[in-house]
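# Architecture at a glance
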Amino acid sequence: MKFDTPATTNPIDQLKIVGKPVDRIDGPLKTTGTASYAYERHDVAANPAYGHILGSAIAKGRIASIDTREAIAAPGVLAVVTAQNAGALMKGDFNTAKLLAGPEVQHYHQAVALVVAETFEQARAAAGLIKVDYTRADGAYDLEKAKSSATKPKDMDGDAPDSKVGDFASAFAAAPVQIDATYHTPDVSHAMMEPHASIAAWKGDELSLWTSNQMIDWGRGDVAKTLGIPKDKVHLSSPYIGGGFGGKLFVRSDAILAALGARAAKRPVKVALQRALVANNTTHRPATIQRVRIGASRDGKITAIAHENWSGDLPGGGPDSSVQQTRMLYAAPNRMTATRLAVLDLPESNAMRAPGEATGHMALEVAMDEMAEKLGMDPVQFRILNDSQVVPDDNGKTDRPFSQRQLVECLRQGADTFGWTGRNAKPAQRREGDWLIGMGVASAYRGAPTQKSGARVRLDGSGMVTVETDMTDIGTGSYTIIAQTAAEMMGVPLDKVVVKLGDTAYPVSAGSGGQWGAASSTAGVYAACTKLREAVATKLGFSTADVTFADGKVSSAGRSVALGEAAGPGGLVAEDTMEFGDLSEKYQHSTFGAHFVEVAVDMHTCEVRLRRMLAVCAAGRILNPKSARSQVIGAMTMGAGAALMEELAVDNRFGFFVNHDLAGYEVPVHADIPHQDVVFLDETDPTVSPMKAKGVGELGICGVAAAVANAIYNATGVRVREYPITLDKLISQMPALV
Amino acid sequence: MKPFTYERADSPAAAAAAAARNPGSRFIAGGTNLLDLMKLQIETPPHLVDVTGLKLDRIDKTDDGGLRIGALVRNTDLAADDRVRRDYGVLSRALLAGASGQLRNMATTAGNLLQRTRCPYFYDTNMPCNKRTPGSGCSAIGGYSRQLAVVGSSGSCIATHPSDMAVAMRALDAMVETVRSDGSTRTIPIADFHRLPGETPHIDTNLAPAELITAVTLPKPLGGKHIYKKVRDRASYAFALISVAAVIGKDGKGRVTIGGVAHKPWRVDAADAQLPQGAKATAQALFADAKPTKDNAYKIPLVERTLGVVLAQAGAKS
């Protein structure tokens, strides 16, 4: 099915099941521990051996020699895989560095060996017996130092790295009110609960991988490419994923080394990355340095805006697209953005939840707060005043409309709901006991892309509907919204739908990434269900014009047949793929929101504690308000972590992230997040898909950290432009103790 | 984890003797720190002596009106004990500020005293660390040191002791009772229990090899206000950036011990003497010989500010 004209009324609009806050259908499995994650797929491969990865002890250089003799002789050891015996390995299309080092080492904890043994403990102990002699090379690890050598990258997530409208320099110079500020965001880790893990088994020349991966078809392609085998000889299964956040968009060393280990040991092999490897062996969100300049007239109209970003990556890698939202959020006749990329020899950087916008808002939305204060304007009003209903900076064009844009409504409703009028515009005025109290706001922007997505739907003789698609559920609720979609389309209750996900045996879907998963994968299910409805009607000789599917029956012209009966004992199957036309070129598809935060800062210890958070989101039709809310509060929590504590500390001498465990890399705990509210504005967007829905999982993080930073400023009068905003950055500037 | 042998001891003296028979062995009780370190091959004991069966899990009154806390009393139970809550509030509060409920259920009194530093370079076996591998150097010096020591450190080590409980124990002048492999016992004042790193940062305490802690005793109740204030980046389940354990009398006199700043709970007699003069004078005495790094210099004003609020809470001059 091709979606190239805006949707009209369709069966989804009945909203009998879609749009309802139903419990997630996979909830009982997860709460009882019976949803089997990759490492616990005990039923898929008999008698698996255990693999343990040895990561490189240096960041850059060469392996001069590697002695595995003692490890091979250790109890229980079945095989040791290194680059010397692994055979030729290619680099996957989605990887920047190779997944097995040797002789060249590209980053710290890059895998140098896999030990396969009868037990996990034996494999781990033997890994400690491998002797590696390294030759260190000098590397670049400090973004601040490398900044001056940064160059313009070929592209920025598919967009041009630079953009220009009007004459920024002249307009900024002429602006009566100006702000020019530079912000730093640190490297951060996905730190998902489930580390990357895989079980691999070979049957002849066919490889099966039970793994934890957000993008099944990408993964299949990169496994095949890396190992040099045909794509159709690779099978991936990833039905449950314990968090991904972009860290599992790509194949990582657990999958490739499990495959190599299984080949060497002639046995199925399971490998989980030890926690310490998650930080330095896999991808992370890169640190950024961002300069934002805004010029405005005294009445608060922005006349000039510029956003420049510097980030680093290994050679061949890409930049952080932090300037994206600055092209989209506020009107201004003169503007420029620029993206520069430095070469760093840290582990490779890549996508993490809302790549670009997550960091970009941390600069832009603080600059907006600083500017509002300079203008003497309320920060909510300042944002509303500079709203734009067309894309402000669109590769030189300035007339393309948004399909929906309720930023102003989000800001207004949020201010009202949150009690924004209670905020004192003058900082450091509100005190409760030892606590200084402040409120902050930030706008939220994130694109609403769609991707081609397929599904297969089966109807059996009992009336059960089974959906198969390689779409993944990374904790987001995909199972449930897909079931809701199929139930609505086929006119059956939710318990008559079975959903099977995350397997190369199923039609290729959009996968989970870029907040495109929900809208795209349900559209694919819509397409397949539309075909199945036609097949049912045709089989019964019903006219497809007036056929209805409701209450488990299909009806037309006074005739009504139970679905199972209609399918017959052989059942019916339909498969289709939703493809998206050029509506996303005619209209800018985006989601908008506003975040409001209240913080308390201990006036003695300078500890920052959140008190309240509110997100107001406009993101198309909300397919399931309950799972959507879970997505947004999770994203808000991640934003709070970015604001207050999350930082991969770089050791510029050794070139690695030092705090590579969950004791050293702190993420928020329950006590940090006392109260969160989420409001979804009514919105249906018929130009996006027949579902009229968009994603929310990434919108929820955009702007959160800036709102926290702005609230800290309002509480204390201290403006910190270097995240995370820890107490050591506040202490020397805090208001005098009284 | 390297393969190791294991035995259960049936008396404290037998446990110490078993340890002496197996050089390099470790006692294991809750295992909340040791097992992690063994998995990472930071600790590689050839032999473990399990002491959990030694029945050292009672809290009893001592003859002089204090408390004897068995070495195996769990942190959860110690924090909840009525006598501890009533007479040694600083200890109960320090315990509850540490770790998580699950860890406190497992962690023991003696094990808490013996937990090892959380310096990230100690935890990464690819990095030089004099505490882990004597003579290999200290990679924390000149590295990421935001959480490390500002005082009492050496050119060999800037690690901190991570315990909350030990900070309160130091403020209370606890005594550590031990038994050695020959069956002899001794009592070590907590002040002399932990060591400064000097040139031997691999030796955390003054326990002899194979010496087993059997109990920790507290003197008779001190009275005064008992306060434990822990400052950290997140609201729960984080090691202290700094912490203050204080027992302050109505007259403003008292004792204070600082956590998160040194290789051991940091208490200075001259600083205690300054308490009636307020936080600034006390902090000056505590950190007269401080050698902070650029990353952790904030700890000194942070302690002063935190002391100020602690003294105010105690009703003393802040």
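Residues numbered from 1 in each chain as written. Chains lettered and ligands numbered in written order. Predicted model: local features only at pLDDT ≥ 70, side-chain atom pairs only at ≥ 80, totals over all residues. Heavy atoms only, no water.

## A look at the nonpolar core
Buried together is how nonpolar side chains tend to be arranged in soluble globular proteins. One finds Ile-294, Phe-596, Val-599, Leu-610 and Leu-730 of chain A together with Val-261 and Leu-286 of chain B to be the most contacted residues of the largest nonpolar core, which totals 164 residues. Setting aside residues up to four positions removed in sequence, Phe-596 of chain A forms contacts with Val-380, Cys-410, Leu-411, Gly-414, Ala-415, Phe-418, Trp-420, Gly-440, Val-441, Arg-612, Met-613 and Leu-614 of chain A. Core analysis: the next-biggest nonpolar cluster, separate from the first, contains 52 residues, Val-18, Val-499, Leu-572 and Met-691 of chain A among them. (Core = buried A, V, L, I, M, F, W, Y, C linked by side-chain atoms within 4.5 Å. Buried < 20%, exposed > 50% of the residue type's maximum accessible area, 1.4 Å probe, protein only. Contact = heavy atoms within 4.5 Å.)

## Some thoughts on empty space enclosed by the protein
Residues and elements named next belong to chain B. Scanning all chains against the criterion turns up 10 cavities of 30 Å³ or more. Size it by volume and the largest cavity reaches roughly 320 Å³. Taken together, 27 residues form the lining of the largest cavity, with Arg-118, Cys-119, Pro-120, Gln-147 and Phe-239 sitting closest to its centre. Residue composition of the lining of the largest cavity, grouped by class: 12 nonpolar, 11 polar and 4 charged. Here the second largest cavity is characterised by a volume of approximately 130 Å³. (1 Å grid on protein atoms, 1.4 Å probe; cavity = no way out; pocket = protein on both sides within 12 Å on 5 of 7 lines; lining within 4 Å. Points joined across faces, edges and corners; volume = space filled by probe spheres on them. Nonpolar A, V, L, I, M, F, W, Y, C, P; charged D, E, K, R; others polar.)

## Let's talk about the interface of chain A and chain B
Counting residues at the interface gives 39 residues for chain A, matched by 36 residues for chain B. Buried surface at the junction of chain A and chain B, summed over both partners, amounts to about 3,000 Å²; 57% is from carbon and sulfur atoms. Remark: the boundary between chain A and chain B carries 2 salt bridges. Here Arg-146 of chain B and Asp-728 of chain A are joined by a salt bridge, their closest N and O atoms 3.1 Å apart. Linking chain A with chain B are 15 residue pairs in polar contact (both at pLDDT 80 or more). Breaking the side of chain A that touches chain B down by element, the ones donating at least two residues are helix H3 (120-127) and helix H18 (727-730) of chain A. Partitioning the side of chain A that touches chain B into residue classes produces 20 nonpolar, 7 polar and 12 charged. (Buried area = accessible area lost by both parts, 1.4 Å probe. Salt bridge = Lys/Arg side-chain N within 4 Å of Asp/Glu carboxyl O. Polar contact = N/O pair within 3.5 Å; in protein donor to acceptor, adjacent residues only side chain to side chain. Helix = DSSP H or I, 4+ residues; strand = E, 2+ residues; numbered from the N terminus.)

## A few points about the packing of aromatic side chains
All names here are of chain A. Applying the stated criterion across every chain yields a total of 15 aromatic pairs over all chains. Ring centres of Trp-218 and Trp-516 lie 6.3 Å apart, and the angle between their planes is 65°; on these two criteria the pair is classed as edge-to-face. Of this pair, Trp-218 sits in helix H6 (residues 216-227) while Trp-516 sits in the loop between strand E21 (497-501) and helix H13 (517-540); the two residues are 298 residues apart in sequence, bridging distant segments of the chain. The exposure class assigned to Trp-218 is partly exposed, which follows from its relative accessible area of 28%. Owing to a relative accessible area of 12%, Trp-516 belongs among the buried residues under this scheme. One aromatic cluster in this structure is built from Phe-94, Trp-218, Phe-250 and Trp-516. Its guanidinium or amino end placed over the ring of Phe-418, Arg-612 lies 3.8 Å from that ring's centre, counting from NZ or CZ. (Phe/Tyr/Trp six-rings, centres within 6.5 Å; stacked < 30°, edge-to-face > 60°. Lys NZ or Arg CZ within 6 Å of the ring centre and 35° of its normal.)

## Observations concerning the sheet that holds strand E9 (residues 225-231) of chain B
All names here are of chain B. The strand order E9-E10-E11 describes an open sheet built from 3 strands, whose pairing is antiparallel. Each edge of the open sheet is held by one strand with a lone partner, namely E9 and strand E11 (254-259). With direction set aside, neighbouring strand axes in the sheet form an average angle of 10°. Pairing geometry for strand E10 (residues 242-248) and E11, over 6 bridges, is antiparallel. Opposite Ser-243, over in E11, you have Gly-259 as the bridge partner. Of the strands in this sheet, E9 and E10 touch helix H5 (residues 89-97), which is tilted by about 20° from E9. Across the sheet, helix H11 (residues 299-313) is in contact with E9, E10 and E11; its angle to E10 comes to roughly 30°. (Pairing = 2+ DSSP bridges. Axes fitted to C-alpha atoms, helices over the stretch in contact; angles between N-to-C directions.)

## Comments concerning the UniProt feature "domain: Aldehyde oxidase/xanthine dehydrogenase a/b hammerhead" (unreviewed entry) in chain A
Summarizing the sequence annotation, UniProt attributes the feature "domain: Aldehyde oxidase/xanthine dehydrogenase a/b hammerhead" (unreviewed entry) to residues 32-138 of chain A in the numbering used throughout. In this annotation, residues 32-138 of chain A is assigned 12% helix and 33% strand; the end-to-end C-alpha distance for the span is 50 Å. (UniProt positions renumbered as here; feature names shortened; annotations may be inferred.)

## Brief notes about the sheet that holds strand E3 (residues 61-67) of chain A
Strand order in this open sheet of 3 strands is E5-E3-E7 (chain A), and the pairing throughout is antiparallel. Here the strands that pair on one side only, and so sit at the sheet edges, are strand E5 (104-105) and strand E7 (131-136) of chain A.

## Considerations on the domain arrangement of chain B
Frequently, the measure chosen for interface size is the accessible area removed from exposure when the parts meet. Under the domain assignment used here, chain B contains domain 1 (5-53) and domain 2 (225-314). Relative to domain 2 of chain B, the C-alpha centre of domain 1 of chain B lies at a distance of 35 Å. (Domains from an automatic or database assignment.)

## Describing the UniProt feature "domain: FAD-binding PCMH-type" (unreviewed entry) in chain B
In the numbering used here, UniProt assigns the "domain: FAD-binding PCMH-type" (unreviewed entry) feature to residues 1-223 of chain B. Summarising residues 1-223 of chain B: 25% helix, 16% strand, and an end-to-end C-alpha distance of 47 Å.

## Comments concerning helix H11 (residues 407-418) of chain A
Residue and element names in this part refer to chain A. Spanning 12 residues, H11 covers 16 Å between terminal C-alpha atoms, matching the ideal 16 Å at 1.5 Å per step. Every buried residue of H11 is listed here: Leu-407, Val-408, Cys-410, Leu-411, Gly-414, Ala-415 and Phe-418. All buried residues of H11 fall inside an arc of 160° around its axis, so they share one side. Among the exposed residues of H11, those pointing more than 90 degrees away from its buried face are Arg-412 and Asp-416. Two residues or fewer after H11 comes Gly-419, characterised by a positive phi angle close to 80°. (Expected span 1.5 Å × (residues − 1). Arc of directions from axis to C-beta.)

## Here we look at the packing of helix H10 (residues 279-286) of chain B against H11 of chain B
Residues and elements named next belong to chain B. With their axes 9 Å apart at the nearest point, H10 and H11 run at an angle of 135° to one another. Considered as vectors, H10 and H11 are oriented oblique to each other. As H10 packs across H11, the resulting crossing turns out to be right-handed. Here Ala-279, Lys-280, Thr-282, Ala-283 and Leu-286 of H10 come into contact with H11, specifically with Val-303, Glu-304, Leu-307, Gly-308 and Leu-311. Of the residues that constitute the contact of H10 with H11, the class distribution is 6 nonpolar, 2 polar and 2 charged. (Parallel < 35°, antiparallel > 145°, perpendicular 65-115°, else oblique. Left-handed = near helix turned anticlockwise from the far one by under 90°.)

## Some details on the side chain of Arg-220 of chain A
All names here are of chain A. Structurally, Arg-220 is set in helix H6. One buried charge, Arg-220, has no salt-bridge partner; the nearest side chain with opposite charge is Asp-217, at 4.8 Å. Among the polar contacts listed, one links the side chain of Arg-220 to the backbone oxygen of Lys-231, at a separation of 3.3 Å. Apart from the residues lying within four places of it in its own chain, the contact partners of Arg-220 are Lys-231, Asp-232, Val-234, His-235, Leu-236 and Thr-504. (Lys, Arg positive; Asp, Glu negative; His and termini not counted.)

## Concerning unusual backbone geometry
All names here are of chain A. Going from Gly-102 to Pro-103, the amide bond is cis rather than trans, its omega being -10°. Here Pro-103 lies in the loop between strand E4 (77-82) and E5. For the bond from Tyr-723 to Pro-724, the omega torsion is -5°, close enough to zero to count as cis. Relative to the assigned elements, Pro-724 resides in the loop between helix H17 (704-716) and H18. Its identity as a non-glycine residue notwithstanding, Ala-191 has a phi of 45°, on the positive side. The topology assignment puts Ala-191 in the loop between strand E9 (177-185) and strand E10 (197-203). Taking relative accessible area as the criterion, Ala-191 reaches 18% and is therefore assigned buried.

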